[in-house]
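Structural description and commentary
If you want the building blocks of each chain, they are given just below.
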Amino acid sequence: MSKRRHPPTGFTLIELVVTVAIVALLSTLAFPLAEVAVKRSKEQELRLALREIRSALDAYMQAVEEGRIAHSVEQSAYPESLNVLVEGVADTSSPERTKRIYFLRRIPRDPMFSDPTRPDEETWGKRSYASSHDAPEEGEDVYDVYSLAPGIGLNGIPYRNW
């Protein structure tokens, strides 16, 4: 019988160190990319929420112009609050005036807003029709909404100006 030596099985210390170094290098590259992906996802949610609210505000104004919502000439054609879009308003074009017009199912939350305890409506800054674009202020109506979140988007524009 011949005695053959079998080579030892397993990894050497050098192989393990090189493998750990490669994994560490790859993870340092992956974490910043994951953070950017999360930020991009939140920014997409912000764009969609702004579009949804602004479309509802425009639909409300269109309904006022069509005479489906009663309002005085002294008032603007925009709702008093965002909750009006969810609660609905009486449709003056329906015969019994029992039908309501709804513009939103719920107020979307600003995904960039940091305080989870605040109601959804309070996560948005509201601009009245009477205020200027450069210095938005709340007033008797809601003409536009903007994010209250500090910070700048990946596109280089502050969230407040979206």
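Calculation notes
- Residues numbered from 1 in each chain as written.
- Predicted model: local features only at pLDDT ≥ 70, side-chain atom pairs only at ≥ 80, totals over all residues.
- Heavy atoms only, no water.
- Phe/Tyr/Trp six-rings, centres within 6.5 Å; stacked < 30°, edge-to-face > 60°.
- Helix = DSSP H or I, 4+ residues; strand = E, 2+ residues; numbered from the N terminus.
- Buried < 20%, exposed > 50% of the residue type's maximum accessible area, 1.4 Å probe, protein only.
- Polar contact = N/O pair within 3.5 Å; in protein donor to acceptor, adjacent residues only side chain to side chain.
- Contact = heavy atoms within 4.5 Å.
- Lys, Arg positive; Asp, Glu negative; His and termini not counted.
- Salt bridge = Lys/Arg side-chain N within 4 Å of Asp/Glu carboxyl O.

Let's shift gears to the packing of aromatic side chains. Summed over the entire model, instances satisfying the criterion amount to 5 aromatic pairs. Relative to Tyr143, the ring of Tyr78 lies with its centre 5.0 Å away and its plane at 90°, an arrangement referred to as edge-to-face. Taken together, the residues span a long stretch of sequence, with Tyr78 in the loop between helix H1 (13–65) and helix H2 (83–87) and Tyr143 in the loop between strand S3 (124–127) and strand S4 (144–147) at a distance of 65 residues. Three or more aromatic residues joined by ring pairs form one cluster here, namely Tyr78, Tyr129 and Tyr143.

Its location among the elements puts Thr123 in the loop between strand S2 (100–101) and S3. Residue Thr123 is classed as buried on the basis of its relative accessible area, which comes to 0%. Only 3.2 Å separates the side chain of Thr123 from the backbone nitrogen of Asp110, close enough to count as a polar contact. Reaching out from Thr123, the side chain makes a polar contact with the backbone oxygen of Asp120 at a distance of 2.6 Å. Once residues lying within four places of it in the same chain are set aside, the contact partners of Thr123 are Arg109, Asp110, Phe113 and Leu148.

Turning to its location among the elements, Ile157 is positioned in the segment after S4. We classify Ile157 as partly exposed; its relative accessible area is 37%. When sequence neighbours within four positions are dropped, the list of residues in contact with Ile157 reads Ile152 and Trp162.

Mapped onto the elements of the fold, Glu43 is located in helix H1. Among buried charged residues, Glu43 stands out as having no salt bridge; its nearest opposite-charge side chain is Arg47, 4.2 Å away. Contact partners of Glu43, with chain neighbours within four places excluded, come to Met112, Ile152, Gly153, Leu154, Tyr159 and Trp162.

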